[in-house]
Amino acid sequence: MSPASLSVISDAVSVRVPAKVNLHLGVGPLRADGYHDLVTVYQALSLYDDVTVAQAATLEVTLRREGGRGADAAEVPLGDDNLAVRAVRALGEWADRDPRVTIEIVKRIPVAGGMAGGSADAAGALVALAALWKLDIPRAQLLEIAAGLGSDVPFSVQGGTALGTGRGEQLMPMLARGELHWVLAFAREGLSTPAVFDELDRLRADHSETFPEQNPRPDELMAALAAGRPEQIAPLLHNDLQPAALSLQPGLRRTLRAGIDSGALGGMVSGSGPTCAFLCADADAAVAVAAELSGAGVARSVRTAAGPVGGATRQTPGR
């Protein structure tokens, strides 16, 4: 029935949902509908938001920032612009039910950081509400609702490692042997995803010979992931949006240099940025790189994470 293991606790359900990193992000030309065709390789990382949905008299959202790490809860909208609110409304429309619930979000994923924090919260709200209402909703239907909310929401439900096409919402699970270890450098200011795509379109128009409009399949990367060797994966990391993110936040160049100088195998801007993600040889190397990068003063905060992990998953009571 459900795309994730869920827990119904009296009149509340809690779901833990991961951040993502794009190991490859190829961006095609602007489409007539305002979107771009994407070819991307997603990986879910062990950096989580927690979403709890409970019965209530009215629909409302509350946010809590835990531990001061990575997220600015004050920047998250609490009204209809919140993706989690849109998620419960969409599921309510499908189920023909009034979504009078409270949505509590514990933020750890950075806001406007290129790690799908809003999409993660929407996925968590969908999965939690489906369990709260005990809906017999097919997985394919839940993913279709998720795709209507945003390009990254279906992957936030699914997790793991996957090839995304279309707007990124069409998913094919991928084989990824072993565990990859990452260092994440959170920027002091966020970046708007639409603004980064607009900047890429501008750069391509002004420098067509430098920014060809193509989004090739990441076949070499897919083979390296199947082999599970981070030293082979690192040089294949690619993000078409990186030049646009660097154009809007030039200081990210210093962050990327500092991560490589600290011993990372490879680094890139994550998604639309401005979070920078650095692939390391193993867990010990990631700790060492994080320590060096923290001391360099090039980011608001730094933390380690590993992947792949599962998608939206219940949080056991008491954890």
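Attention in this report is confined to the structure presented alongside it. Model, not experiment: these values are computed from the prediction. (Residues numbered from 1 in each chain as written. Predicted model: local features only at pLDDT ≥ 70, side-chain atom pairs only at ≥ 80, totals over all residues. Heavy atoms only, no water.)

### Structural notes on unusual backbone geometry
Most peptide bonds are trans, and most residues other than glycine sit at a negative phi. In this structure, proline 274 follows glycine 273 across a cis peptide bond, with omega equal to 5°. For proline 274, the position within the fold is in the loop between strand S9 (266–269) and strand S10 (276–280). For the bond running from glycine 307 to proline 308, omega is 5°, close enough to zero to count as cis. Take proline 308: it is sitting in the loop between strand S11 (301–307) and strand S12 (313–314). Phi is positive for aspartate 96, close to 55°, though the residue is something other than glycine. In this fold, aspartate 96 is placed in the loop between helix H1 (83–95) and strand S4 (101–107). Look at aspartate 96 and you get exposed, because its relative accessible area is 70%. Of note, the phi angle at lysine 134 is positive, near 55°, even though the residue is not glycine. Checked against the element boundaries, lysine 134 lands in the loop between helix H2 (117–132) and helix H3 (139–149). Lysine 134 sits in the exposed class, given a relative accessible area of 65%. (Helix = DSSP H or I, 4+ residues; strand = E, 2+ residues; numbered from the N terminus. Buried < 20%, exposed > 50% of the residue type's maximum accessible area, 1.4 Å probe, protein only.)

### Comments concerning helix H6 (residues 219–227)
Turning to H6, its buried residues number three or more, namely Leu221, Met222, Ala224, Leu225 and Ala226. Against strand S1 (12–30), strand S2 (36–55), strand S5 (161–165), strand S6 (170–173), strand S7 (180–186) and helix H7 (230–233) lie the buried residues of H6. Where H6 ends, the next residue or the one after it, glycine 228, has phi of about 75°, a positive value. (Contact = heavy atoms within 4.5 Å.)

### Observations regarding the sheet that holds S10
On the basis of which strands lie adjacent, the open sheet formed by four strands has the order S9-S10-S7-S11 and antiparallel pairing. Whereas interior strands pair on both sides, the edge strands pair on one side only; in this sheet they are S9 and S11. Adjacent strand axes in the sheet meet at a mean angle of 25°, parallel and antiparallel pairs treated alike. Strand direction decides the pairing type here: S7 and S11, joined by seven bridges, are antiparallel. Within S11, the position partnered with histidine 181 by the bridge is alanine 306. Strands in contact with helix H9 (residues 252–261) are S7, S9 and S10; relative to S10, the strand with the most contacts, it is inclined by about 10°. (Pairing = 2+ DSSP bridges. Axes fitted to C-alpha atoms, helices over the stretch in contact; angles between N-to-C directions.)

### Regarding the nonpolar core
Soluble globular proteins tend to pack their nonpolar side chains together in the buried interior. By size, the foremost hydrophobic cluster in this structure holds 64 residues, and its most contacted members are Leu23, Leu91, Ile103, Trp182, Leu184, Leu225 and Ile233. For this core, the element with the highest residue contribution is H2, accounting for eleven residues. Other than its neighbours up to four places away in sequence, leucine 23 contacts Val41, Tyr42, Gln43, Leu180, Trp182, Leu221, Leu225, Ile233, Leu236, Leu237, His238 and Met268. Residues Leu25, Val183, Ala286 and Leu293 belong to the second largest nonpolar core, which totals 29 residues. (Core = buried A, V, L, I, M, F, W, Y, C linked by side-chain atoms within 4.5 Å.)

### Concerning the packing of H9 against helix H10 (residues 283–296)
H10 packs onto H9 with a crossing angle of 140° between their chain directions and a minimal axis gap of 9 Å. Accordingly, the angle class assigned to the pair H9 and H10 is oblique. The interaxial crossing formed by H9 with H10 has right-handed handedness. Contacts between H9 and H10 pair Arg254, Thr255, Ala258 and Gly259 from the former with Val289, Leu293 and Ala296 from the latter. Class assignment for the residues of the contact of H9 with H10 results in four nonpolar, two polar and one charged. (Parallel < 35°, antiparallel > 145°, perpendicular 65-115°, else oblique. Left-handed = near helix turned anticlockwise from the far one by under 90°. Nonpolar A, V, L, I, M, F, W, Y, C, P; charged D, E, K, R; others polar.)

### Topic: the packing of H1 against H2
Between two packed helices, the angle of one axis relative to the other and the distance separating the axes together describe the packing. Remark: H1 packs on H2, axes separated minimally by 7 Å, with the N-to-C direction vectors making an angle of 35°. For the element pair H1 and H2, the recorded crossing hand is right-handed. The residues of H2 that touch H1, namely those facing Leu83, Ala84, Ala87, Val88 and Leu91, are Gly118, Ser119, Asp121, Ala122, Ala125, Leu126, Leu129 and Ala130. Partitioning the contact of H1 with H2 into residue classes produces ten nonpolar, two polar and one charged.

### Quick look at a positive patch on the surface
On the surface, Arg188, Arg253, Arg254 and Arg257 cluster together into a positively charged patch. Within the secondary structure layout, arginine 253 lies in helix H9. Arginine 253 sits in the partly exposed class, given a relative accessible area of 39%. (Patch = residues over 30% accessible without salt bridge, like charges linked within 9 Å, V, L, I, M, F, W, Y side chains within 5 Å. Areas by Shrake-Rupley, 256 points an atom, 1.4 Å probe, with all protein chains shown as cover. Salt bridge = Lys/Arg side-chain N within 4 Å of Asp/Glu carboxyl O. Lys, Arg positive; Asp, Glu negative; His and termini not counted. Charge placed at Lys NZ, Arg CZ, Asp CG, Glu CD.)

### Comments concerning the side chain of threonine 161
Mapped onto the secondary structure, threonine 161 falls in strand S5. A polar contact of 3.0 Å, which involves the side chain of threonine 161, links it to the side chain of glutamine 43. Those residues in contact with threonine 161, other than ones at most four positions away along the chain, are Val41, Tyr42, Gln43, Phe155, Pro173, Met174, Ala176, Leu225 and Pro308. (Polar contact = N/O pair within 3.5 Å; in protein donor to acceptor, adjacent residues only side chain to side chain.)

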